Amino acid sequence: MAKLWQVAKLIRSKNSGPFELTFDVIFKDREIYEKVRDARVINAQWFALTYRLTPEVVSVIAYDAASAIKVTIPRPVISGDVDDTDVFGGQQYGPLVDLEVP
Amino acid sequence: MASEIRVLSATGILGSGFREETLRRAMALRPDFIGADSGSTDPGPHYLGSGETLFSDSAYKRDLRLILLAARAAKIPAIIGSACTAGTDGQLERLAGIAREIAREDKLSFKLATIASEQDKGYLKKKLRERKITPLANAPVLDEAVIDRSAHIVGMCGIEPYVEALANGAEVILAGRSSDTSIFSALPVMRGFNPATVWHMAKILECGAACVVLRKYPDCMFATVTNGHFVVEPPNPEYRCDPVSVASHNLYENSTPYELVEPSGVLDTLHAKYEAVSDRAVRVSGSAFRPAQRYTIKLEGAELAGYQSLIVGSVRDPIILRQFDSWLGGLVAAVKDRIRAVFGDGIERQYRFDVRVFGRNATMGPLEPETGIGHEVGLLFQVTAETQALATALAKSVGHIAVHYPVPEWSGLITSIAYPYSPPEIARGACYRFNMNHVVEPASPLEMFRIAYENV
């Protein structure tokens, strides 16, 4: 088993507007992308568990043109509100980095 | 109609910069206009709430001066959207003031159009009553009270106000809040180019050099658009695009790479093709544009959330760190007791006291799955109250109670927190919250925007 960071050239999180958080995993090559995509290890259930959501609000999109997987979730707190920890949403991908992938 | 139109994006966000040499190279490619975005909600609600700007006037002036000099020399339009971060009327006027100053100093003259996008509260309440305002994903509740207490509300314009200003001979257009892509789509759509090709080009160009393989610093980007495709190629010779770098840009700050929602329709990139035409240029084709059933304008609003005072500190004592949770829990209770003793029982409803623990869960808050801590932790005490005076008064009590909060192992008075500053408390000022994520159906695309012309 490899870790996700070993097969990705970029793992990032960012606001998609103040009310959504979006994660991008861009893979090093097409072959490993297809392997991870088809194994469905990046899935709504994992995100729901990690970010304490219901799976229904998690959007997972495979983007073949960039060998990338995009996941979008409702922001836990509106960007910049009193309880927010990360205005840009840029450091919310930590738990993804060491995810085990085939 | 010309067979192609050439588009220059000066930078991803006005004020962040671009290389003068790159602009010179790009101008040699004879662009039909220069565009630049000047705003974003990304840095948070402060800029919409307070009217302050992300960059300094000096930074805006440096970038805008080079753009205006190049555009006037080539006699092509310069189009700037989302003036000075949030696009409020005050921010638009600030950018217009900078443009006038540049014109005076550099002896430029041009017809200036400003597009104001701040919204009238009475108009929005009427639209709300007529059920012409609808929520987008995760929108908070919007009622008339929310509209009333908003510090500023802006509408994000589409291409139509730009097209109107261009048709009236504007040579420089400064807009309040605008969709990023409308800045780059207006002139090409006005000249009759295929909207699907144009909107996709605009999405790739709106962040300047962000679509290159490795962006080391902000810079210009260039596209040549025909009806069936566009070619994107960085004017900076140190940069290159490849099909993956260009396709990847659709991921950025967007909830799906396949759709981009605009006031007048949706760009659908599901069947887009990205092909290398050289080792640094990419041809993009195959997108579709689906016109909207109803024309909508997105609203952005911000309201005051309170005033804050902060205290930064750190803890290094292993004895305290071994019992960190119970020590901190006791500290918070002691702070609240002291505040009640000083300010009376009624104070409970007038403030919030929060602690951020760096080294434990400051980044992810309650979602943090890791439980351990290291050899030290950073503390941020945060007091939120209705006035700055109250927030600071409370923070002074917090600072004193916290710094001496004991652990059972040590007898006598201890100083358990390292404060780097004197005084420890820092007045952060007003803090704001985004309070709407909705769209309005205007009677026409121009109804919510006010265009003014002047000869500068």
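For the structure, check the block above.
Looking only at helices and strands, chain A has four helices and six strands in total. Traced from its N-terminal end to its C-terminal end, chain A shows the element sequence β-α-β-β-α-α-β-β-α-β. Its C-alpha atoms give chain A a radius of gyration of 13 Å, near enough to 13 Å, the size a compact globule of 102 residues would have. The principal-axis extent of the C-alpha atoms belonging to chain A is close to 45 × 25 × 25 Å.

Right, let's get into helix α3 (residues 57-74) of chain B. In an α-helix there are 3.6 residues to a turn, and that puts residues three or four apart on one side. Residue and element names in this part refer to chain B. The end-to-end C-alpha separation of α3 is 25 Å, in line with the 26 Å expected for 18 residues at 1.5 Å each. For α3, the set of buried residues is Y60, D63, L64, L66, I67, L68, A70 and A71. In this structure, the buried residues of α3 make contact with α1 (20-28), β2 (33-39), β3 (78-85), α4 (89-106) and β7 (172-175). Remark: K75 follows α3 within two positions and exhibits a positive phi of approximately 55°.

Residues and elements named next belong to chain B. Along the polypeptide, L23 turns up in helix α1. You can call L23 buried: it has 23 C-beta atoms within 10 Å. Taking the C-alpha atoms as reference, L23 lies 12 Å from A74; in sequence the two are 51 residues apart. In this structure L23 touches A10, F18, L66, A70 and C220, once residues within four positions along its chain are discounted.

Attention now moves to the interface of chain A and chain B. At the junction of the two partners, chain A supplies 38 residues and chain B supplies 33 residues. Contributing elements (two or more residues each) for the side of chain A that touches chain B: β2 (8-15), β3 (20-27), β4 (59-63), β5 (68-74) and α4 (94-97) of chain A. Classifying every residue of the side of chain A that touches chain B gives 16 nonpolar, 14 polar and eight charged.

Once that is clear, we can look at the sheet that holds strand β8 (residues 221-225) of chain B. Residues and elements named next belong to chain B. Here 10 strands make up an open sheet; going across it, the order is β12-β13-β9-β8-β1-β2-β3-β7-β4-β20 and the pairing mixed. With one partner strand each, in any of the chains shown, β12 (273-276) and β20 (450-455) form the two edges of the open sheet. Neighbour to neighbour, the strand axes of the sheet diverge by 20° on average, direction disregarded. Two elements, β8 and strand β9 (residues 229-233), share four bridges in a ladder whose sense is antiparallel. Looking at β9, one finds that T224 is bridged to V231. Set on the sheet, helix α7 (residues 160-167) makes contact with β3, β4 (111-116), β7 and β20; between it and β7 the angle comes to about 155°.

The next subject is the environment of D268 of chain B. Residues and elements named next belong to chain B. Its place among the elements puts D268 in strand β11 (residues 265-268). You can call D268 partly exposed: it has 18 C-beta atoms within 10 Å. Sequence separation between D268 and A288 is 20 residues; the distance between their C-alpha atoms is 5.1 Å. Setting aside residues up to four positions removed in sequence, D268 forms contacts with Y258, E259, S287, A288 and R290.

For any two helices packed against each other, one specifies the inter-axial angle together with the distance between the axes. All names here are of chain B. As a packed pair, helix α8 (residues 180-190) and helix α9 (residues 195-205) sit with axes 8 Å apart at the nearest point and diverge in direction by 145°. With respect to the hand of their crossing, α8 and α9 are arranged in right-handed fashion. Contacts between α8 and α9 involve T181, F184, S185, P188 and V189 from the former and P195, V198, W199, M201, A202, K203 and L205 from the latter. Each residue belonging to the contact of α8 with α9 can be placed in one class, and the counts come to nine nonpolar, two polar and one charged.

As a further point, take the sheet that holds β11 of chain B. Residue and element names in this part refer to chain B. Taken together, the three strands give an open sheet; going across it, the order is β10-β11-β14, and neighbouring strands pair in antiparallel fashion. Two strands close off the open sheet at either side, each with one partner strand: β10 (259-262) and β14 (288-291). If you compare each strand with its neighbour and ignore which way they point, the axes differ by 20° on average. Direction of pairing for β10 relative to β11: antiparallel, over a ladder of four bridges. Across the sheet, residue V261 finds its bridge partner in β11, namely V266.

Analysis parameters
Throughout this description, residue numbers start from 1 for each chain and increase along the sequence as written. Chain labels run from A onward and ligand labels from 1 onward, assigned in the order the entries are written. The model is predicted, so local features are restricted to residues of pLDDT at least 70 and side-chain atom pairs to those at 80 or more, both for listing and for counting; the totals for chains, interfaces and linings are taken over all residues. Counting from the N terminus, the helices are DSSP H or I runs at least four residues long and the strands are E runs at least two residues long. The globule rule is 2.2 Å times the number of residues to the power 0.38, and the radius of gyration it is compared with is taken over C-alpha atoms. Multiplying 1.5 Å by the helix residue count minus one yields the expected span of that helix. Three exposure classes are used. Buried residues have 20 or more other C-beta atoms within 10 Å of their own C-beta, exposed residues have 12 or fewer, and partly exposed residues fall in between, all C-beta atoms being placed from the backbone. By the convention adopted here, residues make contact when the C-beta atoms placed from their backbones lie within 7 Å. When residue character is reported, Ala, Val, Leu, Ile, Met, Phe, Trp, Tyr, Cys and Pro are called nonpolar, Asp, Glu, Lys and Arg charged, and the others, Gly included, polar. At least two DSSP bridges between two strands are required for those strands to pair. Helix axes are fitted only over the stretch in contact, all axes being lines through C-alpha atoms; the angle between N-to-C directions runs from 0 to 180 degrees. Crossing handedness follows the turn of the near helix against the far one: under a right angle anticlockwise gives a left-handed crossing, and clockwise gives a right-handed one.

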